[in-house]
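Listed below, chain by chain, are the residues.
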Amino acid sequence: MQDTDRDLLPEGLGDRLPQQAAASQRVRRAVLDVMAGHGYERVETPTIEFEKSMASRMAGVQVRRMFRLVDPVSLRTLALRSDITMQVGRVAATTLAAAARPLRLCYAGQVVTIKGDGLDPTRERLQIGVELIGSDSEAAAAEIVEVAIESLRAAGATGISVDFTLPDLVDALSAEALPLAASQVEDVRQMLDAKDAGGLVDAGGEAYLPLLYAVGPFDTAIERLAEFDRLGVLAGRIAGLRAIAARVDGKARLTLDPSERHGFEYQSWFGFTVYAEGVSCSLGRGGTYRILGGQEGEPAGGFSLYPDPLIEVLAAEGGERKVLFLPLGHDKQIAERQRAIGWTTLAALSESDDPVALGCSHRLENGEAIPL
Ligand SMILES: N[C@@H](Cc1c[nH]c[nH+]1)C(=O)O
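- An unreviewed UniProt entry annotates the chain as Histidine--tRNA ligase of Novosphingobium endophyticum.
- If you open the UniProt record of the chain and go to Subunit (unreviewed entry), you find "Homodimer."

### Details of the UniProt feature "binding site: L-histidine" (unreviewed entry) in the chain
Part 1 of the argument: The feature "binding site: L-histidine" (unreviewed entry), as annotated in UniProt, sits at Asp-83, Ile-84, Thr-85, Gln-127 and Glu-131 in this numbering. Spatially, the listed residues are clustered: although they cover 49 residues, their C-alpha atoms lie within 12.6 Å of one another.
Part 2 of the argument: By secondary structure assignment, the location of Asp-83 is in the loop between β4 (77-80) and α3 (84-93).
Part 3 of the argument: Accessibility expressed as a relative area gives 10% for Asp-83, which makes it buried.
Part 4 of the argument: Residue contacts for Asp-83: discarding those within four places in its chain leaves Val-111, Gln-127, Tyr-266, Ser-304 and Tyr-306.

### Considerations on the environment of Glu-186
Part 1 of the argument: Summarising the element assignment, Glu-186 is placed in helix α6 (residues 182-193).
Part 2 of the argument: Residue Glu-186 is classed as partly exposed on the basis of its relative accessible area, which comes to 38%.
Part 3 of the argument: Spatially, the C-alpha atom of Glu-186 lies 28 Å from that of Arg-90, the residues being 96 residues apart in sequence.

### Some details on the pattern of salt bridges
Part 1 of the argument: Taken as a whole, this structure holds 16 salt bridges when the rule is applied.
Part 2 of the argument: In this structure, the salt-bridge partner of Glu-49 is Arg-90, at a minimum N-O distance of 2.7 Å. Here Arg-90 lies in helix α3 and Glu-49 lies in strand β2 (residues 48-50), a separation of 41 residues in the sequence. In this pair, the class of Glu-49 matches that of Arg-90, namely buried.
Part 3 of the argument: Asp-257 is the salt-bridge partner of Lys-195, the closest N and O atoms lying 3.1 Å from each other. Here the residue Lys-195 occupies a position in the loop between α6 and α7 (197-202), and Asp-257 occupies one in the loop between β9 (253-256) and β10 (271-275), the gap between them amounting to 62 residues.
Part 4 of the argument: Among the charged side chains, a network of salt bridges with common partners joins Glu-146, Arg-247 and Lys-251.

Cut-offs applied
Residues numbered from 1 in each chain as written. Predicted model: local features only at pLDDT ≥ 70, side-chain atom pairs only at ≥ 80, totals over all residues. Heavy atoms only, no water. UniProt positions renumbered as here; feature names shortened; annotations may be inferred. Helix = DSSP H or I, 4+ residues; strand = E, 2+ residues; numbered from the N terminus. Buried < 20%, exposed > 50% of the residue type's maximum accessible area, 1.4 Å probe, protein only. Contact = heavy atoms within 4.5 Å. Salt bridge = Lys/Arg side-chain N within 4 Å of Asp/Glu carboxyl O.

Structure, rendered in structure tokens:
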């Protein structure tokens with residue numbers, strides 16, 4: 001009987017073949033170079049660590065999305081990382097607690113969740129991001145948005161747009177201006193996120209209805225939000241958003257959706273999602289948050305790109321591969337010189353090696369690269 005299971009991969013997991021892997025490598029390098037250029041130093045964290053340390057680093061982190069297992073050595077529960085931001089938070093709060101602030105760190109690695117996101121079944125993704133620890137000011141937030149746009153552009157994205165949100169909006173409003181019973185808060189948040197006007201009224205959030213209309217291109221949506229905020233509860237946040245928008249003006253298309261919560265588990269006053277032309281889903285998100293520990297916790301901000309959909313597009317576009325075929329008995333020194341000036345070489349192992357079938361574009365003949 002055939003063992004079909006042996007060759008299958010679990011749902012939502014896949015290999016990257018040479019073209020995709022090459023595109024992934026280019027994206028990773030381009031993005032990390034931009035981050036390093038802005039002073040973000042690379043850290044590398046383990047793919048698996050104690051569940052408790054990941055789950056308790058920021059308020060709102062959902063452990064139910066993480067793969068968990070018992071460590072046969074320590075007998076404690078471990079979790080596979082689903083978000084490197086939490087690990088960077090741990091590093092900042094522990095080993096780098098005494099490092100000067102603001103502390104700028106960046107990272108890249110694979111993250112895994114039990115379930116994909118909505119209709120997207122993907123369970124493993126590349127995450128590349130920065131965290132700016134020690135401040136959640138509007139200056140910090142603006143820097144993060146700028147670096148996010150520049151990183152995406154360097155990765156090859158075009159037509160970039162940024163959607164701003166206010167992740168803790170309902171908490172801010174329900175505290176005083178538009179009171180809600182504790183039992184209503186989550187429902188109101190969900191209905192706002194789903195843009196469900198009927199559901200919002202049913203959940204007791206009628207007063208929140210105008211928020212559903214403060215959505216769209218930034219300039220008009222922020223005016224609507226300011227009109228809605230007659231009591232001025234959101235005045236600081238609105239001024240912050242305007243300042244950030246002014247800094248990134250012209251670099252990307254800006255929109256506002258103040259009640260968007262999707263994917264924002266722990267962000268505080270400011271959040272944003274990034275998109276690019278030709279890629280239907282978002283390519284990343286970021287915002288301000290607090291790293292728990294100590295009395296107050298530490299303010300921070302950052303963003304994470306999930307560039308896989310962009311990598312797919314770039315890989316499909318391909319790009320011509322220039323590969324030089326080296327026949328049997330070729331001059332090794334010439335071959336070395338060709339590699340030194342940027343050629344990829346492919347050396348024949350036997351007479352039967354076919355340069356065209358092997359994807360070569362040129363062949364070394366009498367010391368010269370001849371097109372095939
Ligand atoms: N790690 C967050 C985004 C983020 C980074 N820093 C702050 N927020 C996410 O993937 O949703």
